[in-house]
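Letter by letter, the chains look like this.
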Protein chains: 2
Amino acid sequence: MSRTPQDVTDAELAVLQVLWELRTATVRELTERLYPEGTSALNATVQKLLERLEAKKCVKRNRKTWPHQFSAAVAREVLIARQLQTTANKLCQGEIHPLLTTLVKARGLSAKDRQSLRGLLDELDREKK
Amino acid sequence: MSRTPQDVTDAELAVLQVLWELRTATVRELTERLYPEGTSALNATVQKLLERLEAKKCVKRNRKTWPHQFSAAVAREVLIARQLQTTANKLCQGEIHPLLTTLVKARGLSAKDRQSLRGLLDELDREKK
DNA sequence: TGAGTTTCAGACATGGCGTCTGTAGATTGT
DNA sequence: ACAATCTACAGACGCCATGTCTGAAACTCA
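Predicted, not measured: the structure shown is a model, and the values here were computed from it.

Conventions and cut-offs
- Residues numbered from 1 in each chain as written.
- Chains lettered and ligands numbered in written order.
- Predicted model: local features only at pLDDT ≥ 70, side-chain atom pairs only at ≥ 80, totals over all residues.
- Heavy atoms only, no water.
- Contact = heavy atoms within 4.5 Å.
- Buried area = accessible area lost by both parts, 1.4 Å probe.
- Salt bridge = Lys/Arg side-chain N within 4 Å of Asp/Glu carboxyl O.
- Nonpolar A, V, L, I, M, F, W, Y, C, P; charged D, E, K, R; others polar.
- Axes fitted to C-alpha atoms, helices over the stretch in contact; angles between N-to-C directions.
- Helix = DSSP H or I, 4+ residues; strand = E, 2+ residues; numbered from the N terminus.
- Parallel < 35°, antiparallel > 145°, perpendicular 65-115°, else oblique.
- Left-handed = near helix turned anticlockwise from the far one by under 90°.
- Near = heavy atom within 4 Å.
- Polar contact = N/O pair within 3.5 Å; in protein donor to acceptor, adjacent residues only side chain to side chain.
- Least-squares fit on C-alpha atoms with pLDDT ≥ 70 in both.
- Core = buried A, V, L, I, M, F, W, Y, C linked by side-chain atoms within 4.5 Å.
- Buried < 20%, exposed > 50% of the residue type's maximum accessible area, 1.4 Å probe, protein only.
- Expected span 1.5 Å × (residues − 1).

> A description of the interface of chain B and chain A should follow, citing residues and the corresponding values.
Each partner contributes to the interface: chain B provides 46 residues, whereas chain A provides 46 residues. Interface area, chain B with chain A, both sides summed: about 4500 Å², of which 68% is carbon and sulfur. When the area that chain B buries against chain A is broken down by residue, the three leading residues are Leu-91, Leu-103 and Arg-114 of chain B, summing to 15%. Inspection of the region where chain B meets chain A yields 8 salt bridges. Notably, a salt bridge pairs Asp-10 of chain B with Lys-90 of chain A, separated by 3.3 Å at the nearest N-O pair. Looking at the side of chain B that touches chain A, its residues break down into 23 nonpolar, 10 polar and 13 charged.

Here you go:
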């Protein structure tokens, strides 16, 4: 039973969160945001995280500028979808329907939420007939 | 950014999957199921996994019998819900609604799925008014 | 050219997690 | 009761994912 590495780790995700907010940023900007009290050694840490994110195609790097400008290459929604699929694979043999029923049954679904969900479903009905 | 341990690891989940299927089992039965070709050393491995699962309150152990009988102490649905909440916390500040819309928009939702979902929503409407 | 950045390759450290060893205790057959 | 066999359990090992750091080369601007 070999361990499966995460597609995006916690520290990497923290970097992405800032990029989603700022649209684009330099290493320095990211470091200051992520480690307000940190030493300058953390620049290299953030750099490494960006390097790994780039390898995973989650971040784009503009090498034309100096310093380089970084931006997210995947939307938050994509990561959500990926994570949900992973959960489905592990716990439901890849089926997503059980996830839906679990979510719907969970507390915290307001009447408005239910209404908007119905809207989405209607849309799908019209699309696919 | 310290690493956060998983609540149930992959090897532990494999044990749980068998327990969900068999309802109850001994270490030996689990080992034969999980590692059909394995050596006897793996008995201890499974034992350790069970020990950790017990500590996490995911497994119950009956010490009255010999050998001990093990059974799952959490339903698959509970793990699903927990995992979904974790995802929501990491990617949506704890909101579950974004997960729902992502799932609904994803491929693989049949007309029947949509119908059963509506049924669930209706039920909730009646409950909470 | 020199000062102050930034980039980048590589190394290091911590700890999670799957696995294994060794020993004590329980059970069964004779 | 004794040997043979199984199980339980404590502890340790080792791999590797992941967050962090070091040092040197590359770049920019004055």
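> Explain the packing of helix 2 (residues 27-34) of chain A against helix 3 (residues 41-55) of chain A residue by residue, including any values.
Residue and element names in this part refer to chain A. Two elements in contact, helix 2 and helix 3, have axes whose closest approach is 9 Å; the angle formed by their N-to-C orientations is 110°. The angle between the axes of helix 2 and helix 3 places the two elements in the roughly perpendicular class. Seen along the crossing, helix 2 lies across helix 3 with a hand that is right-handed. For the pair formed by helix 2 and helix 3, the contact residues are Val-27, Arg-28, Leu-30, Thr-31 and Leu-34 on the first element and Leu-42, Asn-43, Val-46, Gln-47 and Leu-50 on the second.

> So what about the protein's contact with DNA strand C? Which residues, and what values?
Close to DNA strand C lie 24 residues, the nearest being Arg-3, Arg-61 and His-68 of chain A together with Arg-3 and Thr-9 of chain B. Taking all atoms of DNA strand C within 4 Å of the protein, the share assigned to sugar and phosphate is 73%. With respect to DNA strand C, the side chain of Arg-63 of chain A contributes an N or O atom lying 2.9 Å from a phosphate oxygen. Contributions of two or more residues to the surface near DNA strand C are made by helix 2 and helix 3 of chain A together with helix 1 (10-22) and helix 3 (41-55) of chain B. Ranked by the residues each element gives to the surface near DNA strand C, the list is headed by helix 3 of chain B, at 5 residues.

> I'd like a description of the relation of the copies chain B and chain A, backed by residues and values.
After a rotation of 180° and a shift along the axis of 0.0 Å, chain B superposes on chain A with an RMSD of 0.1 Å. A rotation of that kind, with that shift, is consistent with a two-fold axis. Interface residue correspondence from chain B to chain A reaches 100%, placing this contact among same-surface, isologous pairings.

> How would you explain the nonpolar core if you had to name every residue and give the values?
It is characteristic of soluble globular proteins that their nonpolar side chains tend to be buried jointly. Leu-16, Leu-50 and Val-104 of chain A together with Leu-16 and Leu-50 of chain B are the most contacted members of the largest nonpolar core, which has 70 residues in total. When residues no more than four places from it in sequence are discounted, the contact partners of Leu-50 of chain B are Val-15, Leu-19, Val-27, Leu-30, Val-59 and Phe-70 of chain B.

> Explain unusual backbone geometry to me, using residue names and the numbers behind them.
Cis geometry marks the peptide bond from Trp-66 of chain A to Pro-67 of chain A; its omega dihedral reads -5°. Examined against the element boundaries, Pro-67 of chain A turns out to sit in the loop between strand 1 (59-62) and strand 2 (69-72). The residue Arg-23 of chain B is not glycine, and still its phi comes out positive at about 70°. Secondary-structure assignment places Arg-23 of chain B in the loop between helix 1 and helix 2 (27-34). For Arg-23 of chain B, a relative accessible area of 66% translates into the label exposed. With a phi angle near 50°, Gln-93 of chain B is a residue other than glycine that sits in the positive phi range. As for its placement among the helices and strands, Gln-93 of chain B is situated in the loop between helix 4 (76-92) and helix 5 (97-105). Overall, Gln-93 of chain B belongs to the exposed group, its relative accessible area being 73%.

> I'd like a rundown of the protein's contact with DNA strand D, residues and numbers included.
What surrounds DNA strand D is a group of 24 residues, the closest being Thr-9 and Tyr-35 of chain A together with Arg-61, Arg-63 and His-68 of chain B. A share of 72% of the atoms of DNA strand D within 4 Å of the protein falls on sugar and phosphate groups. Ala-11 of chain A is positioned such that a nitrogen or oxygen atom in its backbone is 3.4 Å from a phosphate oxygen of DNA strand D. Arg-3 of chain B places a polar side-chain atom, nitrogen or oxygen, 3.1 Å from a base nitrogen of DNA strand D.

> Residues and numbers for helix 3 of chain B, please.
Given a rise of 1.5 Å per residue, 15 residues ought to cover 21 Å, and the 22 Å separating the end C-alpha atoms of helix 3 of chain B matches this to within 8%. If you follow the buried residues of helix 3 of chain B, they end up packed against helix 1, helix 2, strand 1 (59-62) and strand 2 (69-72) of chain B.

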